[in-house]
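If you want the building blocks of each chain, they are given just below.
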Amino acid sequence: MKPAGIVCLAAVVTGCGYVGDPQPPALHIPAPILDLAAMQTGDSIRVRFTVPDRTTDGLPMASVEAVDLRFDEEPVAVTATEPGPIEVRVPLAPWVGKQIRIQVRVASDKGRWSENPAVVDLTAIAALAPPANVTAESDPRGLRLRWTAVPGGSVVVSRRNPATAQFDDVERVSGDTWVDSGAPYGTPQTYRVRATAPAGASWADSEFSPEIAFTPVDSFAPATPTKLAAVAGLNAIELAWEQSPEPDTAGYQVYRAGEEGEFERLGERTAAASYSDSKVESGKTYRYAVTAVDTAGNESARSEPLAATAP
């Protein structure tokens, strides 16, 4: 028989829970900033970054004690008490012509700084003025914007998105004009433009021009039909011509005149690039001309007249 004390001790030992290895204390060091970006806009330098919401241990960081942003070791004031996106504007004038090293780090609510600052370099140039004399007009391809050309730079065109009411960059243009071929006639459009120029390895932008709203109108006739030809048919004069290339061409109108006199519209508009004139007198000579008409009702000039004699 085993001693009672031993049995009791075994029972106690068997019922004990396992105690794990001791864990090191949390360091409370903020995770590094990964999205630092800087860009010159108008008369200021815009710096953007996101204060992390986690520590290097993967623990949540609900608040921050400080943000240390520097331009070539010169501190820049930043007001931030919690994680999230930050944008700071710094006056451009003191930095024009300089290569600037911009760096930022964050202190957690425990006062621990991120180990390595995020760094980006920027070359500052003289402030750009927005493009001047911005105008809009209807164009055969949609809508045309014009402005005064930007010396040594280009222009970025932004168009308001009807779905979001926000402006989206749609084109970078070298010159003083741009055609928005995606602007449908009769639909209001709103634009703004900014000047942009290379600055070192990055780009510098002006502020945006005032918004310009315009509704393009289709007042542009199709091209005049060409290569009008006529042959004598059975009690008729058969006409044919080259189709107009415009996609909105709706049809053609035929005009007829005698050997003398004015042209008169002949019948209804035809969709085909051909016409059979059966209302003719045998042996009589007629003159013909053709126009193209688009879906908006715009009519081209008449083609070169062509004379034909009825059989």
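Residues numbered from 1 in each chain as written. Predicted model: local features only at pLDDT ≥ 70, side-chain atom pairs only at ≥ 80, totals over all residues. Heavy atoms only, no water.

1. Notes on the side chain of Ser-244
By secondary structure assignment, the location of Ser-244 is in the loop between strand S17 (236-242) and strand S18 (249-257). Assessed through its relative accessible area of 10%, Ser-244 is described here as buried. Here the side chain of Ser-244 touches Ala-223 through a polar contact of 3.1 Å, landing on its backbone oxygen. Those residues in contact with Ser-244 that sit more than four places away from it in its chain are Ala-223, Pro-225, Thr-249, Tyr-252 and Ala-292. (Helix = DSSP H or I, 4+ residues; strand = E, 2+ residues; numbered from the N terminus. Buried < 20%, exposed > 50% of the residue type's maximum accessible area, 1.4 Å probe, protein only. Polar contact = N/O pair within 3.5 Å; in protein donor to acceptor, adjacent residues only side chain to side chain. Contact = heavy atoms within 4.5 Å.)

2. Examining the sheet that holds S17
If you walk across this open sheet you meet the 3 strands as S16-S17-S20, and the pairing is antiparallel. Every interior strand has two partners, whereas the edge strands, strand S16 (226-233) and strand S20 (274-277), have only one. Each strand axis lies, on average, 15 degrees off the axis of its neighbour in the sheet, ignoring direction. Pairing geometry for S16 and S17, over 6 bridges, is antiparallel. Bridged to Val-231 within S17 is Glu-238. (Pairing = 2+ DSSP bridges. Axes fitted to C-alpha atoms, helices over the stretch in contact; angles between N-to-C directions.)

3. Here's the deal with the pattern of salt bridges
As enumerated under the stated definition, the model contains 16 salt bridges in all. Between Glu-87 and Arg-48 there is a salt bridge whose closest N-O contact spans 2.8 Å. With Glu-87 in strand S5 (residues 84-91) and Arg-48 in strand S2 (residues 44-51), this residue pair connects regions lying 39 residues apart in the sequence. Judged by its relative accessible area of 42%, Arg-48 falls in the partly exposed class. Here Arg-144 ties to Asp-139 by a salt bridge, and the two come within 3.1 Å at their closest N and O atoms. Just as Arg-144 is buried, Asp-139 falls in that class too. Among the charged side chains, a salt-bridge network with shared partners connects Arg-46, Arg-48, Glu-87, Arg-89 and Glu-207. (Salt bridge = Lys/Arg side-chain N within 4 Å of Asp/Glu carboxyl O.)

4. Topic: the packing of aromatic side chains
All told, the structure shown has 4 aromatic pairs when counted by the stated rule. Taking the centre distance of 6.5 Å and the plane angle of 45 degrees together, the rings of Tyr-286 and Tyr-288 count as tilted. Judged on exposure class, the residue Tyr-286 and its partner Tyr-288 are both buried. For Arg-105, the ring lying beneath its charged end belongs to Trp-113, and the centroid distance is 4.3 Å. Positioned above the aromatic ring of Trp-203 is the side chain of Arg-172, whose terminal nitrogen or guanidinium carbon lies 4.3 Å from the ring centre. (Phe/Tyr/Trp six-rings, centres within 6.5 Å; stacked < 30°, edge-to-face > 60°. Lys NZ or Arg CZ within 6 Å of the ring centre and 35° of its normal.)

5. Digging into unusual backbone geometry
Positive phi, close to 50 degrees, is recorded for Asp-72, a residue that is not glycine. Within the fold, Asp-72 resides in the loop between strand S3 (64-71) and strand S4 (74-76). Phi at Lys-227 takes a positive value of approximately 55 degrees, unusual for a residue other than glycine.

6. Some thoughts on the environment of Glu-171
Tracing the sequence through the fold places Glu-171 in strand S11 (residues 167-173). For the pair Glu-171 and Arg-160, spaced 11 residues apart in sequence, the C-alpha separation works out to 13 Å. The contacts of Glu-171, once residues within four sequence positions are left out, are Val-155, Val-156, Val-157 and Trp-178.

7. A few points about the confidence of the model for the chain
Averaged over every residue, the pLDDT of the chain is 91; residues scoring 70 or more account for 92%. Predicted confidence is poor over residues 1-15, with pLDDT under 50, and the contacts of this stretch with residues over four places away or in other chains come to 1 contact. (pLDDT = per-residue confidence, 0-100.)

8. Overview of the side chain of Asn-298
Note that Asn-298 resides in the loop between strand S21 (285-294) and strand S22 (306-309). Owing to a relative accessible area of 16%, Asn-298 belongs among the buried residues under this scheme. Of note is the side chain of Asn-298, whose polar atom sits 3.0 Å from the backbone oxygen of Asp-218. Beyond its immediate stretch of four places on either side in the chain, Asn-298 contacts Asp-218, Ser-219, Phe-220, Ala-221, Pro-222, Ala-292 and Val-293.

9. With respect to the pairing of strand S8 (residues 135-139)
In the sheet, S8 pairs with strand S9 (residues 142-146) via 5 bridges, with the strands oriented antiparallel. The residue bridging Ala-136 from the neighbouring strand is Leu-145, located in S9.

10. Topic: the nonpolar core
Ranked by size, the top nonpolar core spans 27 residues in total, and within it Val-47, Phe-49 and Phe-71 carry the most contacts. Within the residue set of this core, elements represented by two or more residues are S2, S3, S5, strand S6 (99-108) and strand S7 (118-123). Those residues in contact with Phe-71 that sit more than four places away from it in its chain are Ile-45, Val-47, Val-76, Val-90, Trp-95, Ile-100, Arg-101 and Ile-102. The next biggest cluster of nonpolar side chains, apart from the first, holds 16 residues, and it includes Leu-239, Trp-241, Leu-266 and Ala-273. (Core = buried A, V, L, I, M, F, W, Y, C linked by side-chain atoms within 4.5 Å.)

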